[in-house]
Amino acid sequence: MRVGIIGAGLMGMALARKYAADGHTVTVIEHANQPGGLATWSDFGGFDWDRFYHVILPSDQQTIGFLNELGISDELEWNRTYTGFYVDQKLHSISSNAEFLKFPLLSFTSKIRLGFTMLYASRINSWKRLEAITCEQWLRKISGNENVDKLWKPLLLAKLGPSYSRVSAVFIWSYIKRMFSARDKSASAEHLGHVRGGYKSIFNKIEADIKNAGGTIRLNESVMRVSSSDEGVLVHTPKETHVFDHVVCTSPTNVLENIVDRHLLAVGKSAGSVEYLGVVCLVVVTKKPITDFYVVNIADETIPFTGVIGMSSVIDTKNTGGYYLTYLPRYMLSTDTELEKSDGYFRETFLQGLTKMFPDFDASEIVSVHVNRAIKVQPLQVLNYSSMVPSVSTNDDRLHVLNTSQFVNATLNNNEVIGAVNRFYENVGSSFVELASVTSTSNDVTNGIDKVPDKVANG
Ligand SMILES: Cc1cc2nc3c(=O)[nH]c(=O)nc-3n(C[C@H](O)[C@H](O)[C@H](O)COP(=O)(O)OP(=O)(O)OC[C@H]3O[C@@H](n4cnc5c(N)ncnc54)[C@H](O)[C@@H]3O)c2cc1C
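Description of the structure in this document. (Residues numbered from 1 in each chain as written. Predicted model: local features only at pLDDT ≥ 70, side-chain atom pairs only at ≥ 80, totals over all residues. Heavy atoms only, no water.)

### Here we look at the site of the ligand
Next up, step 1: Taken together, 29 residues lie around the ligand, and Glu30, Leu38, Tyr53, His54 and Asn414 are the ones closest in.
Next up, step 2: Between the ligand and the protein, one listed contact pairs an oxygen atom with a backbone N or O atom of leucine 10 at 3.1 Å.
Next up, step 3: For the ligand, whose unbound accessible area comes to 1,000 Å², protein coverage reaches 89%.
Next up, step 4: Of all the elements in the fold, those that place two or more residues in the shell around the ligand are helix H1 (10-21), helix H9 (253-259) and helix H12 (414-427).
Next up, step 5: Here the residues of the shell around the ligand sort into 15 nonpolar, eleven polar and three charged.
Next up, step 6: Both domains that meet at the shell around the ligand, namely domain 1 (2-33 + 219-273 + 387-450) and domain 2 (42-80 + 191-198 + 275-379), each give it at least three residues. (Near = heavy atom within 4 Å. Polar contact = N/O pair within 3.5 Å; in protein donor to acceptor, adjacent residues only side chain to side chain. Areas by Shrake-Rupley, 256 points an atom, 1.4 Å probe, with all protein chains shown as cover. Helix = DSSP H or I, 4+ residues; strand = E, 2+ residues; numbered from the N terminus. Nonpolar A, V, L, I, M, F, W, Y, C, P; charged D, E, K, R; others polar. Domains from an automatic or database assignment.)

Below, the structure is given as structure tokens:
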């Protein structure tokens, strides 16, 4: 059967690999000049690494299972990582229980309340009621004002930018659940992982599996329109019109609304418009490390970026030409005009901020600086977000939608992506063969909504 997949991000590529392995004739169509989507890589001057920082958590069982399937799990390396906190122009390490107990900015009572918050959040399963309250309101109730002002607010700013104040408590609940699973229980120490060679290695292996099974990946080809006929689902690009028996779209719902013929896609009315977060991320390549922390959360509004990610504390510099990689992200709404400012602007202001935070850092150690940005990273999970996500269904059983826009109770991460691919394949994938025989012998096309979960919720 001819299967078309729109988008060569992790969702599209992992799914394409499954169909190719099952003997279908798979074609992935990708607008960019290389696969990977948000998890793609860049040339940082003599070596390639992830364009945006990515790590794997010990609890990312779907991702780890996928690496096993790919036969590259022995390329997975784990490292003990450290968390820093920048406040009042000082850096503090809060990487172990002992350090946390010594952390000077919080009273003993606040520390106890913080420990309770972690435990409490990690035990909550019914996330729905958390949608009605903001992160900040919920944290003030559970953790207390001191923890919120000194610890949670900087962390939320680092993750979401100034829009954090409108985000529901589901975000912080899913974040605590995910991050706390990165701690080794015996040592209470955080461990994070990566695959040698970064996501490029993962995508190279997926690509090889797809091609070895007879599949095709078409790059530099934007899908402009999706229509249908008796012959199949038609995917129109400036290069040609492809005809498939089944098509799975992995691009965001608002992209699909522009490219899929109106009568084929039923996008439900949302209670309000879904806003997206974008990110600008400066990547600084240096001869010496800037920090030994994996992440430094920043409680200082004069610093223009929202966190410091010391990637070389997780990955060996053997991966990066002997150089050190530091990512400086700043999250903001995708409609924020600041996202459009020049590379020069971000280079200059972010490097000034870096020098302020690390006065001993010698700028002559910088080898190169790169500005990367993504306009639509993830939807802003505001109050009652799950009721705002427009439901998506298709009016043709041969057209399917699987994308991260539908995640309602999880942070955006690849473990969720692989989980969604596996669930989709179990629920819908196996019926492709039967559907093909139905569609080739009759025109009795029924609505695919009963087979495709339109909102993906875990737990
Ligand atoms: C700064 C940052 C840090 C992150 N850190 C982590 C981390 O540490 N751990 C983790 O697990 N995850 C992390 N993530 C999340 C991870 O990158 C995403 O979960 C994952 O990349 C989503 O994959 P996707 O395939 O669903 O979407 P995407 O990667 O967005 O892929 C969609 C693809 O569709 C293509 N496309 C769209 N429209 C069209 C069209 N009309 N025609 C053809 N092609 C089209 C796009 O070009 C793109 O390649 C991070 C993301 C960011 C931005």
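### Details of helix H8 (residues 198-212)
Next up, step 1: The end-to-end C-alpha distance of H8, which contains 15 residues, comes to 22 Å, matching closely the 21 Å that a straight helix rising 1.5 Å per residue would cover.
Next up, step 2: Along H8, the residues that are buried comprise Gly198, Tyr199, Ile202, Phe203, Ile206, Glu207, Asp209 and Ile210.
Next up, step 3: Positive phi appears at glycine 214, one or two residues downstream of H8, with a value of about 95°. (Expected span 1.5 Å × (residues − 1). Buried < 20%, exposed > 50% of the residue type's maximum accessible area, 1.4 Å probe, protein only.)

### Let's talk about the side chain of threonine 286
Next up, step 1: When you line up the elements, threonine 286 lands in strand E16 (residues 276-286).
Next up, step 2: Within the structure, threonine 286 has its side chain in polar contact with the backbone oxygen of lysine 288 (distance 2.7 Å).
Next up, step 3: With sequence-adjacent residues up to four places away left out, threonine 286 is seen in contact with Tyr323, Tyr324, Phe361, Glu365, Ile366 and Val367. (Contact = heavy atoms within 4.5 Å.)

### Topic: the environment of methionine 332
Next up, step 1: For methionine 332, the location among the structural elements is in strand E19 (residues 324-333).
Next up, step 2: With 53 residues separating them in the primary sequence, methionine 332 and valine 279 have C-alpha atoms 6.2 Å apart.

### Focus on the sheet that holds strand E6 (residues 83-87)
Next up, step 1: One open sheet holds the seven strands; their spatial order is E7-E6-E17-E18-E19-E16-E20, and the pairing between them is mixed. The two strands at the open ends of the sheet, each matched to only one other strand, are strand E7 (90-93) and strand E20 (366-379). Sheet twist, expressed as the average angle between the axes of neighbouring strands with direction ignored, equals 20°.
Next up, step 2: Judged from the ten bridges that link them, E16 and E20 form a sheet pairing that is antiparallel. Looking at the pairing, valine 285 lines up with serine 368 of E20.
Next up, step 3: Contacts between helix H10 (residues 343-357) and the sheet are confined to E6, E16, strand E17 (295-299), strand E18 (307-310), E19 and E20, with E20 contributing the most and set at about 110° to the helix. (Pairing = 2+ DSSP bridges. Axes fitted to C-alpha atoms, helices over the stretch in contact; angles between N-to-C directions.)

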